[in-house]
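Observations on the three-dimensional arrangement
As a plain string of letters, each chain reads:
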Amino acid sequence: MISEANRVTLERNLHSIEERLLRASERANRRRDEVTLIAVTKTVSVDVASALVEMGQTHLGESRPQELWKKAEALPEVEWHLIGHLQTNKLARTIPLVKLTHSVDREKLLFALENEGAKQEQTWSVLLEVNASREESKTGFVPEAMTALIPRLNELKHVRIHGLMTMAAWEENPEECRSTFVLLRELRDDLKNRIDDRHPMNELSMGMSNDFEVAVEEGATFVRVGTSLFEGIS
Ligand SMILES: *Cc1c(COP(=O)(O)O)cnc(C)c1O
């Protein structure tokens, strides 16, 4: 349970983000339903996450596997997204709980996923994380590594690449993130043309609290929002 004050604040925040998503979609001549809002619940309790689900929010994201285990156990009806670093020793327990893993950031993880898929007779849906802003603090494939990766991607039988994910650098003015999002979209279009059709390559996971409207204007199909959604929640 959460307090009535928190419920009112949460509802208002969710509504305001919805409005902003709608307006950004309209500016880009896109339909609102081309973009899925992922509520990033990493900073809030299971109770707050549960209140969001009651408000109709069906996609939630977590960056830490242990936190995802805990919340997924309490809220099994949610479509869970893993958006943070996945160590291979946590893979077998985490991946079956997740609808989409956004943060495949290294080749070794791709092949660990392939092996686990063969073992569990499952096919995992993933995005490749791209360090499009080239910050040293970030993980992910650098854009120019993607071409060399194509033959390896085509070998995968238990992993489907649905697209790309990135985090833009934090900017005071979110307009400055636009070039990062354009780069990711162009990289996705290029890869889609060049890799095996088994990999749908339709998704672009980009945009956070600070810059999600610009990301929607540039073709995001998933935005991952935490801070703005939980502003004022005590
Ligand atoms: C925390 C996090 C988000 C949400 O960021 P906010 O700025 O709080 O909206 C999105 N994506 C990733 C990968 C994150 O770790």
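Before any of the text, the structure's been laid out above.
What counts and how
- Residues numbered from 1 in each chain as written.
- Predicted model: local features only at pLDDT ≥ 70, side-chain atom pairs only at ≥ 80, totals over all residues.
- Heavy atoms only, no water.
- Near = heavy atom within 4 Å.
- Polar contact = N/O pair within 3.5 Å; in protein donor to acceptor, adjacent residues only side chain to side chain.
- Areas by Shrake-Rupley, 256 points an atom, 1.4 Å probe, with all protein chains shown as cover.
- 1 Å grid on protein atoms, 1.4 Å probe; cavity = no way out; pocket = protein on both sides within 12 Å on 5 of 7 lines; lining within 4 Å.
- Sits in = over half its atoms within 2 Å of the grid points.
- Nonpolar A, V, L, I, M, F, W, Y, C, P; charged D, E, K, R; others polar.
- Points joined across faces, edges and corners; volume = space filled by probe spheres on them.
- Salt bridge = Lys/Arg side-chain N within 4 Å of Asp/Glu carboxyl O.
- Buried < 20%, exposed > 50% of the residue type's maximum accessible area, 1.4 Å probe, protein only.
- Pairing = 2+ DSSP bridges.
- Helix = DSSP H or I, 4+ residues; strand = E, 2+ residues; numbered from the N terminus.
- Right-handed = clockwise from strand over helix to strand, strands pointing away.
- Phe/Tyr/Trp six-rings, centres within 6.5 Å; stacked < 30°, edge-to-face > 60°.
- Lys NZ or Arg CZ within 6 Å of the ring centre and 35° of its normal.
- Axes fitted to C-alpha atoms, helices over the stretch in contact; angles between N-to-C directions.
- Parallel < 35°, antiparallel > 145°, perpendicular 65-115°, else oblique.
- Left-handed = near helix turned anticlockwise from the far one by under 90°.
- Contact = heavy atoms within 4.5 Å.

1. A look at the site of the ligand
In the neighbourhood of the ligand, the contacting residues comprise V40, K42, I83, M165, M167, M208, S209, R224, V225, G226 and T227. One of the side-chain nitrogen or oxygen atoms of T227 is found 2.5 Å away from an oxygen atom of the ligand. Its free accessible area being 390 Å², the ligand has 86% of it covered by the protein chains. At a threshold of 2 Å from the grid points, most atoms of the ligand map onto the largest pocket. Of the residues contributing to the shell around the ligand, the split by class is six nonpolar, three polar and two charged.

2. Concerning the layout of surface pockets
Empty space among the atoms becomes apparent when a probe as large as a water molecule is rolled across them. If you add up the space inside the largest pocket, you get close to 390 Å³. Taken together, 20 residues form the lining of the largest pocket, with K42, M167, M208, R224 and T227 sitting closest to its centre. Here the residues of the lining of the largest pocket are counted per class, giving nine nonpolar, seven polar and four charged.

3. Quick word on the pattern of salt bridges
What the rule picks out here adds up to 25 salt bridges. Measuring nitrogen to oxygen at the nearest pair gives 2.8 Å for the salt bridge that ties E175 to R178. Among the residues examined, E175 registers a relative accessible area of 42% and is labelled partly exposed. A single salt-bridge network, built from bridges that share partners, covers R27, E175, R178, R185, E217 and E218.

4. Re the pairing of strand β3 (residues 79-82)
Bridging between strand β2 (residues 59-62) and β3 involves four bridges; their strand directions are parallel. From the neighbouring strand, L60 faces β3, where its bridge partner is W80. In terms of handedness, the path from β2 via helix α3 (residues 65-74) over to β3 forms a crossover that is right-handed. Pairing of β3 with strand β4 (residues 100-104), which is carried by two bridges, proceeds in the parallel orientation. Note that in β4 the partner of L82 across the bridge is T101.

5. Structural notes on the packing of aromatic side chains
By the definition in use, this model includes zero aromatic pairs. Residue placement shows R93 over the ring face of W69; its charged tip is 3.8 Å from the ring centre.

6. A word on the packing of helix α1 (residues 4-27) against helix α2 (residues 46-54)
Packing of α1 against α2 brings their axes to within 11 Å, and their N-to-C directions diverge by 55 degrees. One element, α1, and the other, α2, form an angle in the oblique class. Relative to α2, the crossing made by α1 is right-handed. Along the contact surface, α1 presents R7, L10 and L14, while α2 presents V48, A51, L52 and E54. When the residues that make up the contact of α1 with α2 are grouped by side-chain class, the tally is five nonpolar, no polar and two charged.

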